[in-house]
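Residues per chain are reported as follows:
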Amino acid sequence: MFTKIIPNVVGNIQAVNNLRESQDKDKFFNNETKPKLTSNLGGGIFRINFKGNEVVDFTNELKNLENIHCPICGVKMLSQKSIQSLVTEGNRIVSAKSFVNWLEKNEEYVPEKYKKFVASAKRNSQEFNTRDVETLLSKMRENSYIFTQNALDDVKQTLVEMGEKYEVSDADKVLLDECFVLIDEINPAREKNVFHSVKQIVQETVLSMENEHVQEIYKTVMNKFVPAAQYQQLFVDSSADHKNIAYRQQVLQKLFSGSYMCVDNIINGYSDEKDWRINTILVCKDCKPPTVTHLFRYHKERANLQENFTKYVEDVSSNILDGKMKNAAFYPVSLLGLVSRITGDNISVSKYSTPILKEISKKHFDEMKADINFDIVNHRGVPCASCGEITITHEQKLKLYDDISKTSTTEELSDFLKKNKNVINSRYASIVNYINNAVQSNKNITENEIISHLKEMAAEEIKKHLIENLRMAQVLKSGLKPKDAALLQQYIDNVNNQFLDVSTKREFPYRAYSDLVKQTIFAVEDMGFRTRYGSDFKESMRKSYVKQTILFPLKSTEEKVGSPLKVIVQDMIKGSIATVDHIVAKDRKGWNNMANYAVMCKNCNNEKTNYSLLHWYDLHHSVAKNMQKYLNKVVDMIQKGELPDEYEKYPYVFARCVNTLTNGRIILRFRLNEKK
Ligand SMILES: [Zn+2]
Ligand SMILES: [Zn+2]
């Protein structure tokens, strides 16, 4: 709360008044706000190679939207231009009564900390029957002094309470008494900067105290004073005269300026490999953190965060549905996912939870679907452009599902697996082999026996990876600085205590594990360590976990299909379905033309998510070889006349696209002869 409030209040005061504060004081009072050296250094969004312009274009479109509420505090945000026109409008009003009406009409643009202004205007205009706006403002200013005086009394009271609570020494008591007297001498109406005066007095006091809870005392006391100081700031006048229109203009300017709509990033350290548009958000000036941190963590104590965030997503969605942004339906949908992920589900809004969100989700889905008009995906025997394994078409899948449902014994199911081995992804080889071997050695083996053994195998595999990771952490720990080493130790302890005992009865708690990795491995400051080893702690675990999940089919699916083992076999086949992959992901505004399309199996497509091709290639070098294999098949299809004429240009545009996106790392070769 502490550093959050202080910068807001201090604002432009800070520049003038820091003269007397020593370096040490700064350290003492500002320990949280030091900017950190991170991968983000150098201006964030502009560093992304080929998407740079996209992000800029998107941001510009976003900035021009109207009627957007702040995702944090819920205030309706204003552009610089609308602030100006509001101020101009307010300046033209003659009577106090119309002024009050006007304020009430625009109340949603007034930041929370100034809401009192509107109520006070109404009360004062009624109570004193003021005619003109300037007189009304004078009354309100006098009122703000009373409010400040009450807050000062509160501060004194709190000083006494804190002294008792922390059982301060006699020497400290004397200091607190002196502080009490100094605060007592403050006259709000005469102070030019009452916040600064109080802050200085309290700071001087606590810095001289010997009690160990001085930070706590400082925070508690100042927190009592912040709202009043903020409010009084509104009436501070740089000129001495409070009676003219220039004064009114100043007040109004301040009243609305906190609602200025800023573009910000949600988290620092968002992967450069991912789409930065999704990490972009509009937020009011008052809620924008002084340094980029983690918007939602920074504000985690705020009330109504989930409601305000939902409203924001709805506002942007409405604009998109009204055609204000083209091809942007991905943004609200992806944003919901990102925020839920990074807040550990603390802010978790379903994309179907409100009518507007439902509508935008449908639009998003339709936009995705409209693209899938890529003929190659409908042909049999096309190798996945990523893993190189043979994909199956939708019709093939239906036929295979039908065959599965016709089996009646484990032996028949095993025969099915042997016959269709080539369409089951090799990642499931251990499952397929086990089923075949188990049935071969015991024809009467039951499904339950098979499944429970498979679950044991899966748990063992996960455990094996955990032990490898523990060993890796143990070794790497010694090369790190003490603070980082402690994080690795924390990882080791937590894995030992919470995860190592892998259950065969339920799915591995991968989400919790991934959170642990985030909090320990990815919190290590050593960048070299993070980039080199960070994902190792997750990748193998994630793969084994995904494999394990198919062993726990839903009861409802089980009933529909007939048996749990049949569902498991179906799910293994499902992963091989041919899908159209957008090389540059759709939600990164990947081009809607065939150069950007490739057929991938469902498994790979799911795993690739919206990674850039270059990053995907870094993770899986075999992609180069497999893309060639895929392209060879396509060229073959073209020569045999199996594809429409316009596909003759595909090998050229596709190869060029892949080459460009990987900075020349993947070079695809082909020769297109005359059609046979
Ligand atoms: Zn806000
Ligand atoms: Zn694949």
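## A look at the overall build of the protein
Moving on, step 1. The number of helices and strands found in the protein is 30 helices and 4 strands.
Moving on, step 2. Evaluated residue by residue, the protein yields a buried proportion of 35% over its 676 residues.
Moving on, step 3. Within the protein, contacts between residues at least 6 apart in sequence are counted, and of these 70% link residues at least 24 apart.

## Here we look at helix H20 (residues 447-477)
Moving on, step 1. Relative to the 45 Å expected for 31 residues at 1.5 Å per residue, H20 spans 45 Å between its end C-alpha atoms, a close match to the ideal helical length.
Moving on, step 2. Taken residue by residue, H20 has Ile450, Leu454, Ala458, Ala459, Ile462, His465, Leu466, Asn469, Ala473 and Leu476 as its buried positions.
Moving on, step 3. Buried residues in H20 make contact with helix H18 (410-419), helix H19 (429-441), helix H21 (482-499), helix H23 (527-533), helix H24 (536-549) and helix H26 (564-574).

## A word on the packing of H19 against H20
Two numbers describe a pair of packed helices, the interaxial angle and the distance between the axes.
Moving on, step 1. Between H19 and H20, the shortest axis-to-axis distance is 11 Å and the interhelical angle comes to 140°. It follows that H19 is oblique to H20 by the angle criterion. Seen from above, H19 lies across H20 with right-handed handedness. Here Ser430, Ile431, Tyr434, Ile435 and Ala438 of H19 come into contact with H20, specifically with Ile450, His453, Leu454 and Met457.
Moving on, step 2. Of the residues contributing to the contact of H19 with H20, the split by class is 7 nonpolar, 2 polar and no charged.

## Points about helix H14 (residues 305-321)
Residues three or four positions apart in an α-helix share a direction because the helix packs 3.6 residues into each turn.
Moving on, step 1. The end-to-end C-alpha separation of H14 is 24 Å, in line with the 24 Å expected for 17 residues at 1.5 Å each.
Moving on, step 2. Most of H14 sits inside the fold, with 12 of its 17 residues counted as buried.
Moving on, step 3. Among the residues trailing H14, glycine 323 stands out with phi positive, at a value near 85°.

## A look at the environment of tyrosine 630
Moving on, step 1. With respect to the element layout, tyrosine 630 can be found in helix H29 (residues 622-639).
Moving on, step 2. The buried category is assigned to tyrosine 630, around which 24 C-beta atoms lie within 10 Å.
Moving on, step 3. For the pair tyrosine 630 and isoleucine 390, spaced 240 residues apart in sequence, the C-alpha to C-alpha distance is 9.5 Å.

## Quick look at the environment of valine 377
Moving on, step 1. Following the sequence through the fold, valine 377 ends up in the loop between helix H16 (355-371) and helix H17 (394-406).
Moving on, step 2. Counting along the chain gives 224 residues from valine 377 to cysteine 601, while the straight-line C-alpha distance between them is 9.9 Å.
Moving on, step 3. With sequence-adjacent residues up to four places away left out, valine 377 is seen in contact with Ala578, Thr579, Val580 and Val599.

## Quick look at unusual backbone geometry
Moving on, step 1. Positive phi outside glycine occurs at asparagine 304, with the angle close to 55°.
Moving on, step 2. For asparagine 304, the position within the fold is in the loop between helix H13 (295-298) and H14.
Moving on, step 3. A residue is classified by how many C-beta atoms lie within 10 Å of it, and asparagine 304, with 12 of them, is exposed.
Moving on, step 4. Backbone geometry places asparagine 663, a non-glycine residue, at a positive phi of 50°.
Moving on, step 5. Relative to the helices and strands, asparagine 663 resides in the segment after helix H30 (650-661).
Moving on, step 6. Classification of asparagine 663 by C-beta neighbours within 10 Å gives exposed; the count is 11.

## Here's the deal with the confidence of the model for the protein
Keep in mind that low pLDDT regions are not for reading the predicted coordinates in detail.
Moving on, step 1. Scored by pLDDT, the protein comes out at a mean of 85, with 89% of its residues at no less than 70.
Moving on, step 2. Confidence drops under pLDDT 50 across residues 1-51; counting only partners more than four residues distant or on other chains, this segment forms 45 contacts.

## As for the pairing of strand E2 (residues 280-284)
Moving on, step 1. Counted residue by residue, E2 has 5 buried out of 5 residues, so it is predominantly covered.
Moving on, step 2. Going residue by residue along E2, you find Thr280, Leu282 and Cys284 tucked away on one face and Ile281 and Val283 tucked away on the opposite face as well.
Moving on, step 3. Pairing geometry for strand E1 (residues 261-265) and E2, over 5 bridges, is antiparallel. Residue valine 263 lies in a different strand from E2, and its bridge partner there is leucine 282.

## Some remarks on the environment of valine 382
Moving on, step 1. Position of valine 382 relative to the elements: it lies in the loop between H16 and H17.
Moving on, step 2. With 23 C-beta atoms counted inside 10 Å, the residue valine 382 sits in the buried group.
Moving on, step 3. For valine 382 and asparagine 632, which are 250 residues apart along the polypeptide, the C-alpha to C-alpha distance reads 9.8 Å.
Moving on, step 4. Setting aside anything within four residues of it in sequence, one finds valine 382 in contact with Ile376, Thr391, Ala578, Val599, Tyr630 and Lys633.

About the criteria used
Residues numbered from 1 in each chain as written. Chains lettered and ligands numbered in written order. Predicted model: local features only at pLDDT ≥ 70, side-chain atom pairs only at ≥ 80, totals over all residues. Helix = DSSP H or I, 4+ residues; strand = E, 2+ residues; numbered from the N terminus. Buried ≥ 20, exposed ≤ 12 C-beta atoms within 10 Å, placed from the backbone. Contact = placed C-beta atoms within 7 Å. Expected span 1.5 Å × (residues − 1). Axes fitted to C-alpha atoms, helices over the stretch in contact; angles between N-to-C directions. Parallel < 35°, antiparallel > 145°, perpendicular 65-115°, else oblique. Left-handed = near helix turned anticlockwise from the far one by under 90°. Nonpolar A, V, L, I, M, F, W, Y, C, P; charged D, E, K, R; others polar. pLDDT = per-residue confidence, 0-100. Pairing = 2+ DSSP bridges.

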